[in-house]
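What follows is each chain in one-letter form.
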Amino acid sequence: MIEAEKIYVVCPANSKTGGPELLHQLVHELTQTGHKAFIVYTGIYDHSYKIIGEYSKYINSYLLPDEIEDNIENMVIVPETNVLILRNYKHIQKAVWWLSVDNFYFAYKSLSAMRIWIGSYGILRAVKNNLLKIKPILSMDSRMIREIPYHLCQSRYAMEECGRHGLNVLYLSDYLNTSFLDDDAACTRTMKQNIVAYNPKKGYRFTKRIIQSNPAIKFIPIKDMTRGQVRDLLNKAKVYIDFGNHPGMDRIPREARMQGCVVITGKNGSANYFEDVPIEEKFERKTKSIKPISDLIRTVFFDYEHWDKKQIGYTNFIGGQRDRFSEDVRIIFG
């Protein structure tokens, strides 16, 4: 168990993506369990910054990096994309929360980034973006990373990757924003239409093949939408497909499932682990024939109730993550 008088959680300001929300959730949970925990914003330089409205339910104040008390009784936790800030502190206990594996590789130009990029976009785009001339800044084998004593992992994928490099790993998952959990998801079933939702920012090269091969199917991208608009789309769609990298236990597939979508994914990153994405409807992105995927989508349209019930285990898994997160925090921090 980690013992710390004060716990500082570093987070980029002005960001509303899934990762920063998880960092706020951690501070909230630590505070609820009696710890002195603080969000530390990077990218700002004074206290004139206003906390993003959606995060105000987790925190009501914040610190700046130079307000961290650098002594052995305290701990600082950083996301994997911000580990270089740890060089500024000599005495404090240090931990990384691996919300994403792939984003670490890209942020620090690890050679693994080249492998992921080529798998997603092809070698021609890798050449165009100078990925083949990549000069690593950090890797999991770098001395700085190996000297960090605690590596908290949000997914089984992260645990496997960190463990493979001999890092000291502790499992600390997350949970969805309660706006996707509070309402009775069963009510959404009556609204379902023959729609496939997808994220155009992830795995689009492969997804585009599926779209082009199925002109009679309505595909709607999750793009330029508010949280409410995303919910409305997922409420209507019968299927959500995601053939992206899954750098961690991704948020949108879970949101889709909690809104009654039948989720179909590739086998990259965390999606390859049943512990992270406990479904059987997965396909290799390298497959030459997309007919099985197209056939499955049509089958779900025809017999939605059967496939919806088939993924009830995934629904229960997601619904239980809030309690498991609280338990993880208590196990790790007391």
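Preceding block: the structure.
Residues numbered from 1 in each chain as written. Predicted model: local features only at pLDDT ≥ 70, side-chain atom pairs only at ≥ 80, totals over all residues. Heavy atoms only, no water.

Chemist: Mind laying out the packing of helix 12 (residues 312-319) against helix 13 (residues 321-333), listing which residues take part and the relevant values?
Modeler: Running from N to C, helix 12 and helix 13 point in directions that differ by 45°, and their axes come no closer than 5 Å. On the basis of their axis angle, the class for helix 12 and helix 13 is oblique. Touching Phe317, Ile318 and Gly319 of helix 12 are Gln321, Arg322 and Arg324, all from helix 13. (Axes fitted to C-alpha atoms, helices over the stretch in contact; angles between N-to-C directions. Helix = DSSP H or I, 4+ residues; strand = E, 2+ residues; numbered from the N terminus. Parallel < 35°, antiparallel > 145°, perpendicular 65-115°, else oblique. Contact = heavy atoms within 4.5 Å.)

Chemist: Lay out the sheet that holds strand 3 (residues 75-79) in plain terms, naming residues and giving numbers.
Modeler: The strands that make up a sheet are held in pairs by hydrogen bonds between backbone atoms, and each pair lies either parallel or antiparallel. Judged by pairing direction, the sheet is parallel, and its six strands sit side by side in the order 2-1-3-4-5-6 without closing on themselves. Whereas interior strands pair on both sides, the edge strands pair on one side only; in this sheet they are strand 2 (36-42) and strand 6 (169-171). Taken over all neighbouring pairs, the strand axes of this sheet differ in orientation by 25° on average, direction set aside. Inspection of the sheet shows strand 3 paired to strand 4 (residues 93-98) by five bridges, in the parallel sense. By the bridge assignment, Val78 is partnered in strand 4 with Val96. In the packing of helix 1 (residues 18-32) onto the sheet, contacts are made with strand 1 (6-12), strand 2, strand 3 and strand 4, and the angle to strand 1 comes to roughly 165°. Strands strand 4, strand 5 (150-153) and strand 6 of the sheet are contacted by helix 6 (residues 156-164), whose axis makes an angle of about 170° with strand 6. (Pairing = 2+ DSSP bridges.)

Chemist: Give a detailed account of the nonpolar core, specifying residues and quantitative values.
Modeler: Within the largest apolar cluster, 33 residues are counted, with the highest numbers of intra-cluster contacts made by Leu26, Ile39, Tyr41, Ile77, Trp97 and Phe333. For this core, the secondary structure elements donating two or more residues are strand 1, helix 1, strand 2, strand 3, strand 4 and helix 13. Ranked by the residues each element gives to this core, the list is headed by helix 1, at five residues. (Core = buried A, V, L, I, M, F, W, Y, C linked by side-chain atoms within 4.5 Å. Buried < 20%, exposed > 50% of the residue type's maximum accessible area, 1.4 Å probe, protein only.)

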